[in-house]
Every structure is written in structure tokens, then in C-alpha cells.
Amino acid sequence: MLYHISCSDRCTFTFENVNNKTVASQIQQWLRPYLSPGFLSVHLSGVPMEIRDLLRFRHCGRTVYTLDGPAGLWCPVCGLAVRLGLMEAPVRIQIPVGDGHRAACCFLITSRHGVAGFSEEKESELHVGISNSEGVVFSYTESGVQCQQQGWEQSIIVPLIDPSNDSLSFRKLWDKQLETYSHLNTWTADRFQEEREFGSCCYGFALSFINHVMRAEGRRTISSECFTSQYILPRMEMTSRYLSVYQHVRQHGHYSTAE
């Protein structure tokens, strides 16, 4: 496990093999005399919220969600034996969150609270970025554009490259354009202004780069409203629904709805 301790001037200290928050708190106290005042956070990177794929099957007139399927071939709703045919076999519902560093050339949404930050029950400031072909994530912060190789392991992923246009030459061009675009004076630290509409100026940076690439290809640009409604909100809603069902399954053993 990794713990990141971030202070007010945006510096970050990473410690490996820190197994609990008590130890992380002790580390924070140890560093305090050597740093400027105003620590922002101590958080666990990797898997702050355990989450697994769900299994879905139909029985007794209901759609049932579990973590391990009909255990022992007994339905958790009616308590009767489950006999499933080929067309009724359990379907695995994959977690709608992935590792942004393994997603090349994508729009990424993450939260400082990990997966839990995508739940409707938890208010969390979101952060967005753009990955290059190697999974390095570029995002706009108060310190300017950051290039990160870790910290986006739990992200909602929006692919940006059409499969028909995905080639080594295009990925190299993508990387070059992203590197150049991130160094424009528009994205310097002193020009950063908080925008609460989506969380921060990070959204403006990411969408502006997408439109920059589209213009270079001679394609029509996309508005913030259109991109949000078509590509972001559906994934956010799907993730929120998944987490709601998942939490219910964790607490009660299963979740079911009428067919």
C-alpha cells in the first residue's frame, strides 16, 4: 500500500508498505516541523474501498445481484434450489471503474476518496485529466499542469480514440500534441481559477485539449454541455447505481428487483 501526504504547497510524500492510518498519522506528525503549515490530506492510494464485480441472475420472477452467485445453487430471495439453463446463467457485471494508467489516450475522472467518491451518498470533489499513450495522466491544478504516473488507479474512463483511427503513428502524434499543449501559457499556475461547476479548471484543460485535437483533424468541436451530457453523466450515473447496488449486497448479501 502507498500513503500520500500532501501539504498546502502541493508537495507530496509517498511511503510504501504503510498498513494503517495510525502509522500515516504518525508520519504526518513527524514531518510537520519541516514543512509549511496547513496539511491538506493523508489518503490511501490503491484500493481505499474494496470493490468487486457483481453477478446477476434471474430466479423466482426477480433479477438477483450477488457477489458469489447462487451459493450452493440456492436462491437468496426465495430460498429454493436454483436450476439455471444456459440462457439463464449468471452474468458478471464488471466494475465501472478502472486503472487510468492502463488506459491510453482517454479522458479520466477520479476522486480523492477513491471509488467511494463516485457514490451519490458521498460528496467529493472530482478531478479530471487526459492520459497519453503510456498511461501518464496530464491534469491542470493550482500548481499548473501535472504529469502523474500514479494516483489515477481508480478512475471512470472515457475512451477518446476511434478504434479505426488507433495506430502507433496517431498515438505518437497524440503524445506530442498533449505535451506541447500542456506547456501553453494558458495553463500556468498563476492563471488557475477555481471553477466549481465541475470541480476545477481541470475540466477546461481536458476539454480544450480534446477540441484542439478535433480541430487539427478538421472535425467539429464539442461544447462542454454536450460532452458532459453524452460522455460523462451516463458513466457517472452508471457508476453511482453500481455502487448503490454493491453496498446493498455487501450489507444484506444480495439485491433484487422485480423483472
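**Q** Got a minute to help me understand the pairing of strand S10 (residues 144-148) in this structure?
**A** Where a strand is regular, its side chains alternate between the two sheet faces. When strand S9 (residues 137-141) meets S10, the two strands line up antiparallel, connected through five bridges. For Thr-141, the partnering residue across the bridge sits in S10 and is Gly-144. Taking the residues that link successive antiparallel strands as the turn, the S9-S10 hairpin has two residues.

**Q** Hey, could you run me through the pairing of strand S4 (residues 54-59) in this one?
**A** The sheet contact formed by S4 and strand S6 (residues 91-93) spans three bridges and is antiparallel. Following the sheet pairing, Leu-54 is matched in S6 by Ile-93. Sheet analysis places S4 next to strand S5 (residues 62-66), joined by five bridges and oriented antiparallel. Bridged to Phe-57 within S5 is Val-64. Linking two consecutive strands that pair antiparallel, namely S4 and S5, is a turn of two residues; a positive phi of about 45° is found at Cys-60 within it.

**Q** Help me out: how do you make sense of helix H3 (residues 202-216) in this one?
**A** An α-helical turn contains 3.6 residues, so any two residues separated by three or four positions project in the same direction. For H3, built from 15 residues, the straight-helix expectation of 21 Å at 1.5 Å per residue is met to within 8% by its first-to-last C-alpha distance of 21 Å. If you check which residues of H3 are buried, you get Cys-202, Tyr-203, Phe-205, Ala-206, Leu-207, Phe-209, Ile-210, Asn-211, Val-213 and Met-214. Among the structural elements, strand S7 (106-111), strand S8 (126-131), S9, S10, helix H2 (168-182) and helix H4 (224-252) are those in contact with the buried residues of H3. Looking one or two places after H3, you find Gly-218, whose phi comes out positive at around 75°.

**Q** I would appreciate a short explanation of the sheet that holds strand S12 (residues 255-258) in the present structure.
**A** Neighbouring strands of a sheet are bound in pairs by backbone hydrogen bonds; such pairs are parallel or else antiparallel. If you walk across this open sheet you meet the four strands as S6-S4-S5-S12, and the pairing is antiparallel. Edge positions in the sheet fall to S6 and S12, since each has one partner strand and no second. On average, each strand axis in the sheet is tilted by 25° relative to the strand beside it, whichever way the strands run. One ladder, built from four bridges, connects S5 with S12; its direction is antiparallel.

**Q** It is not clear to me how the environment of Gly-129 should be interpreted in this structure. Could you clarify?
**A** As for its position among the elements, Gly-129 is in strand S8. Those residues in contact with Gly-129 that sit more than four places away from it in its chain are Cys-106, Phe-107, Leu-108, Val-137, Phe-138, Ser-139 and Trp-152.

**Q** Sorry if this is basic, but what is going on with the pattern of salt bridges here?
**A** The tally for this structure, following the rule as stated, stands at two salt bridges. The salt bridge involving Asp-99 is made with Arg-102; its shortest N-O contact spans 3.8 Å. Classification of Arg-102 by relative accessible area gives exposed; the value is 76%. Ionic pairing is found between Glu-217 and Arg-219, a salt bridge with its closest N-O pair at 3.0 Å. Classification of Glu-217 by relative accessible area gives partly exposed; the value is 32%.

Definitions and cut-offs
Residues numbered from 1 in each chain as written. Predicted model: local features only at pLDDT ≥ 70, side-chain atom pairs only at ≥ 80, totals over all residues. Heavy atoms only, no water. Pairing = 2+ DSSP bridges. Helix = DSSP H or I, 4+ residues; strand = E, 2+ residues; numbered from the N terminus. Expected span 1.5 Å × (residues − 1). Buried < 20%, exposed > 50% of the residue type's maximum accessible area, 1.4 Å probe, protein only. Contact = heavy atoms within 4.5 Å. Axes fitted to C-alpha atoms, helices over the stretch in contact; angles between N-to-C directions. Salt bridge = Lys/Arg side-chain N within 4 Å of Asp/Glu carboxyl O.

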